[in-house]
Amino acid sequence: MKITDNLILIPWFLGFINFTTPFNNIYLFWTINLIFYGLLFAHLVESIIFRQKIINGPKGPWIGFSLTLIYGVLFLRSFSQKS
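Quick look at the structure, then. (Residues numbered from 1 in each chain as written. Predicted model: local features only at pLDDT ≥ 70, side-chain atom pairs only at ≥ 80, totals over all residues. Heavy atoms only, no water.)

### Some thoughts on the packing of helix α2 (residues 26–49) against helix α4 (residues 61–71)
So, step 1. Following both chains from N to C, one finds α2 and α4 inclined at 140 degrees, their axes separated by 8 Å at the closest point. The orientation of α2 relative to α4 falls into the category oblique. In this structure, α2 crosses over α4, and the sense of that crossing is right-handed. Facing α2, whose interface residues are Leu-40, His-43, Leu-44, Glu-46 and Ser-47, α4 presents Phe-65, Thr-68, Leu-69, Ile-70 and Tyr-71. (Axes fitted to C-alpha atoms, helices over the stretch in contact; angles between N-to-C directions. Helix = DSSP H or I, 4+ residues; strand = E, 2+ residues; numbered from the N terminus. Parallel < 35°, antiparallel > 145°, perpendicular 65-115°, else oblique. Left-handed = near helix turned anticlockwise from the far one by under 90°. Contact = heavy atoms within 4.5 Å.)

See the structure below:
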C-alpha cells in the first residue's frame with residue numbers, strides 16, 4: 001500500500017474521538033458520525049462479500065479481516081496484485 005492510502009485513517013481517528021468525547025459543534029458531530037458509521041458499514045459489507053478471498057489471503061484471516069475493516073478495498077487490491 002502507498003503512503004497516501006493511509007489517509008483513510010483520518011476519518012477513523014476522528015470517528016473514534018467523536019465516539020469517546022463527542023464534538024460540541026452539532027454539524028461536525030453529525031458529519032463525523034455519518035462518515036464513521038458509513039465507513040464501518042461499507043467495510044463490514046466488504047468483509048462479508050470477500051470473506052473467502054480474505055481467509056485465503058497472505059496475511060491470515062484475523063489480520064486480513066482487521067486490515068479489510070480499516071482499509072477496505074485498498075487492502076484487498078494490494079494482495080490480489082501480488083498473486
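### Brief notes about the side chain of His-43
So, step 1. By secondary structure assignment, the location of His-43 is in helix α2.
So, step 2. Ignoring anything within four residues of it in the chain, the contact list for His-43 reads Trp-12, Thr-68, Leu-69, Ile-70, Tyr-71 and Gly-72.

### Points about the side chain of Glu-46
So, step 1. Inspection of the secondary structure puts Glu-46 in helix α2.
So, step 2. Accessibility expressed as a relative area gives 15% for Glu-46, which makes it buried. (Buried < 20%, exposed > 50% of the residue type's maximum accessible area, 1.4 Å probe, protein only.)

### Brief notes about α4
So, step 1. The set of residues buried in α4 consists of Gly-64, Leu-67, Thr-68 and Tyr-71. One side of α4 holds all its buried residues, which, seen down the axis, span an arc of 105 degrees.
So, step 2. Looking one or two places after α4, you find Gly-72, whose phi comes out positive at around 70 degrees. (Arc of directions from axis to C-beta.)

### Points about helix α1 (residues 9–20)
So, step 1. When the terminal C-alpha atoms of α1 are compared, their 17 Å separation across 12 residues agrees well with the 16 Å that a helix rising 1.5 Å per residue should span.
So, step 2. Residues Trp-12, Gly-15 and Asn-18 constitute the buried set of α1. The buried residues of α1 all sit within an arc of 130 degrees when viewed along its axis, so they share a single face. Relative to its buried face, α1 has exposed residues pointing more than 90 degrees away, namely Phe-13 and Thr-20.
So, step 3. Taken together, the buried residues of α1 touch α2 and α4. (Expected span 1.5 Å × (residues − 1).)

Distances and angles like these do not, on their own, reveal function.
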